[in-house]
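Coordinates in review
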Amino acid sequence: MALRQEMAKSLLKTSSLSGRTKLLHQTGLSLYSTSHGFYEEEVKKKLQQFPGGSIDLQKEDSGIGILTLNNPSKMNAFSGVMMLQLLEKVIELENWTEGKGLIVRGAKNTFSSGSDLNAVKSLGTPEDGMAVCMFMQNTLTRFMRLPIISVALVQGWALGGGAEFTTACDFRLMTPESKIRFVHKEMGIIPSWGGTTRLVEIIGSRQALKVLSGALKLDSKYALHIGMVEEVLQSSDETKSLEEAQEWLKQFIQGPPEVIRALKKSVCSGRELYLEEALQNERDLLGTVWGGPANLEAIAKKGKFIK
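Bear in mind the structure is a predicted one, so any value in this text is a computation, not a measurement.

Turning to the side chain of Thr 139, a few remarks are in order. Mapped onto the secondary structure, Thr 139 falls in helix α6 (residues 126–144). Judged by relative accessible area, which is 1%, Thr 139 ranks as buried. With residues up to four places along the chain from it excluded, the contact list for Thr 139 reads Leu 86, Leu 87 and Val 90.

So, in structure tokens, the structure goes:
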């Protein structure tokens, strides 16, 4: 056992990792920095000027977290402070080693209406827009790379930036009466939180172009048809739909955290890296679980998985 662990550590140290692979290995690294003209502290000072609402995180012993977008008087629109708090919660989740799954939802039975228009109006220059764009792309990319399995629970409306946030989750579930709409074209802009790039990956370029250029209202039936969501839940009730979402997620997070987290990291590398890099990363991740407690226990149960 000790020898295996030392071998795994040795492999991890001697692996020739590309820059992109290192980004996935190292927690907390962002897409943009000062070399891209992005000055995070300056952006944070601007966003701090727009209060309202909160991002709430509840971590349960089961390894499931519940992230709530909480600004119900504005349909859970993101204020500047909420954007800052989202980054704080992502950092907290990056360090939650017991975490296996996460449900993202909005307060009071609606997901999110995107950005608070008060902040949008005040941040009116192209430079301001690009700065917020880089901030949110940084945050949601780190969110997407979290080593936990995430699900967006779409109740009510997911509009604009709210629709974009759903695409940063691994899966999406909708209640029967809920709707998703990328309204950016109607606002004279395009998605800027990474929504277009992720949407193309989820539903393909042709469907994404239809959804974005038509500013289509995706009801639960149509969203399911085009592959935007995994399932339409039975209930539209806020409490019951959350319970349904938790039960749906549990089927994918059974097992020890170290195995679930390694699986998620491996899938991320397969999505973001070239083939050779992804295979090397898969090898290195295997070294963190091979010969571990879960592996040894499973071997001891040999044959019991065949039913």
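Having seen it, we continue.
If you check the backbone angles, Lys 108 has positive phi at about 55° while not being a glycine. Within the element layout of this structure, Lys 108 appears in the loop between β3 (101–106) and α5 (117–122). Its identity is not glycine, yet Ala 215 carries a phi of approximately 45°, on the positive side. Relative to the helices and strands, Ala 215 resides in the loop between α9 (205–213) and β8 (217–219).

On the surface, Leu 117, Val 120, Met 187 and Ile 189 cluster together into a nonpolar patch covering about 370 Å² of accessible area. Inspection of the secondary structure puts Met 187 in the loop between β7 (179–181) and α8 (195–203). Among the residues examined, Met 187 registers a relative accessible area of 51% and is labelled exposed.

Our next topic: the packing of aromatic side chains. When we look at a pair of aromatic rings, we describe it by the centre distance and by the angle of the planes. Within the structure shown, the criterion is met by seven aromatic pairs. Ring centres of Phe 143 and Phe 165 lie 5.3 Å apart, and the angle between their planes is 80°; on these two criteria the pair is classed as edge-to-face. Highlighted residues: Phe 143 in helix α6 and Phe 165 in helix α7 (residues 161–167), separated in sequence by 22 residues. Residue Phe 143 is classed as buried on the basis of its relative accessible area of 1%. Centroid distance Phe 171 to Trp 248: 5.3 Å. Interplanar angle 75°. Geometry classified as edge-to-face. Here Phe 171 is found in strand β6 (residues 171–174), whereas its partner Trp 248 is found in helix α11 (residues 238–250), with 77 residues between them in sequence. Using a relative accessible area of 22% as the deciding quantity, one classes Phe 171 as partly exposed. Here the aromatic cluster, defined as three or more aromatic residues joined through ring pairs, consists of Phe 78, Phe 111, Phe 143, Phe 165 and Trp 193.

With respect to the element layout, Gly 227 can be found in the loop between α10 (220–225) and β9 (231–232). Overall, Gly 227 belongs to the partly exposed group, its relative accessible area being 32%. Through-space distance from the C-alpha of Gly 227 to that of Gly 204 is 9.4 Å; in sequence the pair is 23 residues apart. What Gly 227 contacts, discounting residues up to four positions off in sequence, is Ile 202 and Ile 203.

Further remarks concern the pattern of salt bridges. Taken as a whole and assessed by the stated rule, the structure comprises 14 salt bridges. A salt bridge links Lys 44 to Glu 40, with the shortest nitrogen-to-oxygen separation between them at 3.1 Å. Of this pair, Lys 44 and Glu 40 both sit in helix α3 (residues 40–47), four residues apart, which is roughly one turn of that helix. By relative accessible area, Lys 44 is classed as partly exposed at 25%. Across the pair Glu 41 and Lys 44 runs a salt bridge whose closest N-O atoms are separated by 3.8 Å. Placement of the pair is Glu 41 and Lys 44 together in helix α3, with a separation of three residues, close to one helical turn. When salt bridges with common partners are traced through the structure, they connect Arg 145, Glu 201, Arg 271 and Glu 272 into a single cluster.

About the criteria used
- Residues numbered from 1 in each chain as written.
- Predicted model: local features only at pLDDT ≥ 70, side-chain atom pairs only at ≥ 80, totals over all residues.
- Heavy atoms only, no water.
- Helix = DSSP H or I, 4+ residues; strand = E, 2+ residues; numbered from the N terminus.
- Buried < 20%, exposed > 50% of the residue type's maximum accessible area, 1.4 Å probe, protein only.
- Contact = heavy atoms within 4.5 Å.
- Patch = residues over 30% accessible without salt bridge, like charges linked within 9 Å, V, L, I, M, F, W, Y side chains within 5 Å.
- Areas by Shrake-Rupley, 256 points an atom, 1.4 Å probe, with all protein chains shown as cover.
- Salt bridge = Lys/Arg side-chain N within 4 Å of Asp/Glu carboxyl O.
- Phe/Tyr/Trp six-rings, centres within 6.5 Å; stacked < 30°, edge-to-face > 60°.

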